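# A closer look at the structure
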Amino acid sequence: MKKAFVCGILASLFFAFTFVLNSSMNLAGGFWMWSACLRYLFMLPLLALLLWVLPGDRFTPVLKAIKRQPGSWFLWSTVGFGLFYLPLTMASVFGESWLVAASWQLTIVAGVLLTPLFGKRIPMKNLMMAFVILAGIFLLQMPHLSSGDWKGNGMALVPVLIAAFSYPLGNRKMMQHCPEEMDTIQRVFGMTLCSMPFWILTAVVAFVQAGLPGKGQIVQSAAVALFSGVIATILFFYATDLVKGNPKQLAIVEATQSGEVVFTLIGGVLLLGEQAPNAMGLAGLALIIGGMLCNSFLSAA
C-alpha cells in the first residue's frame, strides 16, 4: 500500500501541471477546446514512443485486446479520458487554477460512491474521510459563493462534477476489461488510442470556432501531455492497479489526488500571480490535507 500511496502523491504533483498550464493558456487567450484535445493528440505519439523503446512487442497485446472487445474499449476510454478532460478543461475558464483543482476533489467521493457498481460495499470510513476533504473544498469555495456569482460558479462546478465521476468510472471499467498480462503503460496507450475519435471531433469543432491554436498553446499543451498525460496518468493508473482488489485501499489511492490542490495553489500563486485563498480557504486546505492523511492511516489500520 505504501508504494501505491507514494505513486498517487507523485501523480498529484504532475497532475497539477494540468490546472496551472490550462489557466496559463486561458490567460493568454487560448481556446479551451484546443487545450483539451491537444493534450491527447500529443499523448498518443509520446506513449507509442515509450512502448517502442521498451523491450518486447508491446503493441500487439494492446491491439488484440481492443479487437476482442472494441465496444468496451472505445466506450470506457471515451468516458475515462474524453468526458473527464474536456469538461475539466472547460471549468478552467471560470476560476483560478487552484479553485478548479479543489473542486476536482469531488472525484474522491465519486470514486467511493461508484464502488457498488463493481460488486463491492462502500467503505464507510473512507467515505467519512472523503466528506472531510469535501468540507475543506467547501471552505475554499466560500469566498466565491458569497460573491453572489452563482452562474459563474455553476459553470465551473457542473463540468467538474461530470469529470469527477467519469474519470474513476472509465478507469475502473478498463481495469476490468484489460487482460492481466497488460501493464499500465499499455492500458493508458490503448485508452488514448480508443479515445482518438472523440478528440479528433473536438479538434474539428475547435477549428471551426476558433481557428488554429497559437504556438504558445501548442507548446504548453505538449508540456501538459508529457507531465500530466503521460507521467501522472501512468503513475496514478499504476497505483490503482496495485490495489485494485481492495476497495478501501483503492479509495485511498484516489484520495491522494487531493494533493493536486496544494501543488496547484503553489504554482498558481507563484507562476501566474493568482490571488491566494484567505484564512477560511487556508483552513479548508488544512482539512483537505488532513482528510488525505487520515485516509492513509485508515488503510494501515
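See above for the structure.
This text gives an overview of the structure that appears in the document. (Residues numbered from 1 in each chain as written. Predicted model: local features only at pLDDT ≥ 70, side-chain atom pairs only at ≥ 80, totals over all residues. Heavy atoms only, no water.)

Here the focus is the packing of aromatic side chains. All told, the structure shown has 19 aromatic pairs when counted by the stated rule. An angle of 90° between the planes, with centres 6.4 Å apart, marks the rings of F15 and Y167 as edge-to-face. Of this pair, F15 sits in helix α1 (residues 2-27) while Y167 sits in helix α8 (residues 150-177); the two residues are 152 residues apart in sequence, bridging distant segments of the chain. In this structure Y167 comes out as buried when scored by relative accessible area, which is 6%. Ring geometry for Y40 against Y85: centres 5.8 Å apart, planes inclined by 70°, an arrangement best described as edge-to-face. With Y40 in helix α2 (residues 32-53) and Y85 in helix α4 (residues 70-91), this pair connects stretches of sequence that are 45 residues apart. Through a chain of ring-to-ring contacts, the aromatic side chains of F15, Y40, F81, F84, Y85, W104, Y167, F198, W199, F236 and F237 assemble into a single cluster. (Phe/Tyr/Trp six-rings, centres within 6.5 Å; stacked < 30°, edge-to-face > 60°. Helix = DSSP H or I, 4+ residues; strand = E, 2+ residues; numbered from the N terminus. Buried < 20%, exposed > 50% of the residue type's maximum accessible area, 1.4 Å probe, protein only.)

Structurally, R187 is set in helix α9 (residues 184-194). Among the residues examined, R187 registers a relative accessible area of 2% and is labelled buried. Ignoring any residue separated from it by four or fewer positions in sequence, one finds R187 in contact with W73, N171, M174, M175, C178, M182, F237, T240 and D241. (Contact = heavy atoms within 4.5 Å.)

The geometry of α4 relative to α9 is characterised by a closest axis approach of 8 Å and an angle of 95° between their N-to-C directions. The orientation of α4 relative to α9 falls into the category roughly perpendicular. Note on element contacts: α9 touches α4 through R187, V188, G190, M191, T192 and C194, opposite W73, F74, W76, S77, T78 and F81. Of the residues that constitute the contact of α4 with α9, the class distribution is seven nonpolar, four polar and one charged. (Axes fitted to C-alpha atoms, helices over the stretch in contact; angles between N-to-C directions. Parallel < 35°, antiparallel > 145°, perpendicular 65-115°, else oblique. Nonpolar A, V, L, I, M, F, W, Y, C, P; charged D, E, K, R; others polar.)

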